Amino acid sequence: MKRSIILYMLLGIVLVWVACDNFLKEDPRDKLPEEESYNTLSDLYLNAVASLYTYVGEYSDSQGLQGTGRGVYDLNTFTTDEAILPTRGGDWYDGGFWQGLYLHQWGVDNDALQDTWEYLYKVIILSNKSIERIEKFQETHTDSELPGYIAEVRAMRAMYYYYLMDMFGRVPLVLSSSIPMKEVVQYERKDIFDFVVDELQEVAPLLASARSNQPGTYYGRITRPVVYFLLAKLALNAEVYTDNLWTDDVRPDGKYIYLEVEGQPLNAWQAVIYYCDRITELGYRLEADYASNFAVFNEGSVENIFTIPMNKTMYTNQMQYLFRSRHYNHAAAYGLGGENGSSATVEALQVFGYDTDSVDPRFGLCYFAGTVYDLKGQVVKLDDGTILEYMPWEVALDISATPYEKTAGARMKKYELDKTGTKDGKLMENDIVLFRYADVLLMKSEAKVRNGENGDAELNLVRSRAGVPDRDATPENLLAERQLEFAWEGWRRQDLVRFGKFTRAYSSRPQLPGEENGYTTVFPIPEKVRLMNSNLEQNPGY
């Protein structure tokens, strides 16, 4: 179904909930009457199920789960000790936006927060509309596919509520496409957690067990292993997600948070292990080569679980992160564009052991550092003829008017260069990795440790693949391993919150007054959204 048709269908649906998303301003053409979009089973699938996946990856700011800027990924990455977008003279100040993210000074009127909130709810409202359409079709049809269609859309909606709950804490639970604004009610974080867990548990048996990351009928779709992964993440973060007052320095104990799993009460850590084991049983395993998960044409990975399909001729999804990080001359040497921006922090360099005899091998797979070479192995030079050399240790929040203004910081390298990439390399063939099996192993290891068991085996499977010595599975080592394994993958904020490290001071970032109580571990409810609905209370501390 054409995007314009989808947009036409949304106009009357989303306006009541989404304040000012740009897609509402378009003038769609070549429209079909809405009713004609759902006449047959195939039309129903295309327009009520498949159309939702066009929003998982995107090309505009604050849209999509990864690939674009100023949205879910940036809010989970540049607010942490993993990555920084330094101010470089006239570049990357942007009204203080990037500094504000890093300093946790984002404020309640932040446009990126509002746009991300609206994006997440847009997909939820569209999912509600799809469920209603499928249920209406079901009144006069008995096709065996219909329960699966509903399950898939419910899983999509639950996944988006997972992101909302993780980022904003207490949020409205909206299960209708046409609820009046005055009836929208804010729910406690634990209530959203319980809803998402229940939804995913109910739909899992109705979904195919097929691989979502590999081409075929289920390519790019939410299947049972994707749901199992989300359930493991939910259980792993249960101490955070069931804490309705996150500023009182007291958390529930995961050993005493119980989830009903297949008729058995399991504590949070046992539930993590259960769902991780289900994924293993479905045949997922580590790739022998770490880099192959991020290669051009990485659809054959046996490790990737959920990805955003990328194809520069078939899809409009973009990956902006490599483009955003490379120096202009570095990118030009590849025949691509660059914005000379995002870099590793000092803390990330320290975790990787950069510039030491024991640097982790994954550093060279994730970052460009030192002298830069073109595709023929020739040294890349700056405009003044000097050699382009990235200086990782010189990174700071503002490096304007320093000798390293344009060259400070180790840059993103994680995805293999697609030499045929278009649009400055933002349209490429490497599918964007959202969930992968290495995370399953590290989740299981962490859950074991938190439950008083030994998690060495799972941790060291991941380390063995990287070619580094075994380590004991301790909380400190597990947090470090997650940095080493998942650099640039968008997990750092969640990890730091879970380990109680998100609000601490680090290089170029002093702790905010009062921040030790944890109020910045969730973002504020956007003020413009609150002005639309007086029922919504602001999160504590804002």
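A short tour of the structure in this document, coming up. Here the structure is a predicted model, which is why all the values come from computation and not from measurement.

## Concerning helix α16 (residues 456-466)
An α-helical turn contains 3.6 residues, so a residue and the one three or four places further along point in the same direction. Listing the buried residues of α16 in full gives Glu458, Leu459, Asn460, Val462, Arg463, Arg465 and Ala466. In this structure, the buried residues of α16 make contact with α14 (362-366), β12 (432-436), α15 (437-450) and α17 (475-485). Residue glycine 467 follows α16 closely and has a positive phi angle near 80 degrees.

## With respect to the pattern of salt bridges
The full count for this structure, using the stated rule, is 37 salt bridges. A salt bridge links lysine 233 to aspartate 439; the shortest N-O distance between them is 3.0 Å. Here lysine 233 is found in helix α8 (residues 224-236), whereas its partner aspartate 439 is found in helix α15, with 206 residues between them in sequence. With its nearest N and O atoms 3.0 Å apart, the salt bridge here joins glutamate 429 to lysine 312. Here glutamate 429 is found in the loop between β11 (411-412) and β12, whereas its partner lysine 312 is found in the loop between β6 (304-308) and α11 (321-325), with 117 residues between them in sequence. No difference in accessibility class separates glutamate 429 from lysine 312, as the two residues are buried. Taken together, the salt bridges that share partners define one network made up of Glu303, Asp360, Arg362, Lys414, Arg436, Arg463, Arg465, Glu481, Glu485 and Glu489.

## A closer look at the packing of α15 against α16
As a packed pair, α15 and α16 sit with axes 7 Å apart at the nearest point and diverge in direction by 145 degrees. Judged by residue contacts, Ala438, Leu441, Leu442, Lys444, Ser445 and Lys448 of α15 engage Glu458, Leu459, Leu461, Val462 and Arg465 from α16. Taken together, the residues of the contact of α15 with α16 break down into six nonpolar, one polar and four charged.

## Concerning the packing of aromatic side chains
Enumeration over the complete set of coordinates arrives at 31 aromatic pairs. Plain terms: the ring middles of tyrosine 102 and tyrosine 506 are 5.6 Å apart, the flat faces sit at 80 degrees to each other, and that makes the pair edge-to-face. Taken together, the residues tyrosine 102 in helix α4 (residues 97-103) and tyrosine 506 in the loop between α18 (492-498) and α19 (527-532) connect sequence positions 404 residues apart. By the burial criterion, tyrosine 102 is buried, and tyrosine 506 matches it. Note on phenylalanine 306 and phenylalanine 435: the rings are 5.5 Å apart at their centroids and 45 degrees apart in plane angle, and the pair reads as tilted.

## Observations regarding unusual backbone geometry
Not every positive phi belongs to a glycine, and arginine 70 is a case in point at roughly 60 degrees. By the element assignment, arginine 70 lies in the loop between α2 (41-48) and α3 (72-77). A positive phi angle, near 65 degrees, is found at aspartate 424, a position not held by glycine. With respect to the element layout, aspartate 424 can be found in the loop between β11 and β12. Residue aspartate 424 is classed as partly exposed on the basis of its relative accessible area of 38%.

What counts as what
- Residues numbered from 1 in each chain as written.
- Predicted model: local features only at pLDDT ≥ 70, side-chain atom pairs only at ≥ 80, totals over all residues.
- Heavy atoms only, no water.
- Buried < 20%, exposed > 50% of the residue type's maximum accessible area, 1.4 Å probe, protein only.
- Helix = DSSP H or I, 4+ residues; strand = E, 2+ residues; numbered from the N terminus.
- Contact = heavy atoms within 4.5 Å.
- Salt bridge = Lys/Arg side-chain N within 4 Å of Asp/Glu carboxyl O.
- Axes fitted to C-alpha atoms, helices over the stretch in contact; angles between N-to-C directions.
- Nonpolar A, V, L, I, M, F, W, Y, C, P; charged D, E, K, R; others polar.
- Phe/Tyr/Trp six-rings, centres within 6.5 Å; stacked < 30°, edge-to-face > 60°.

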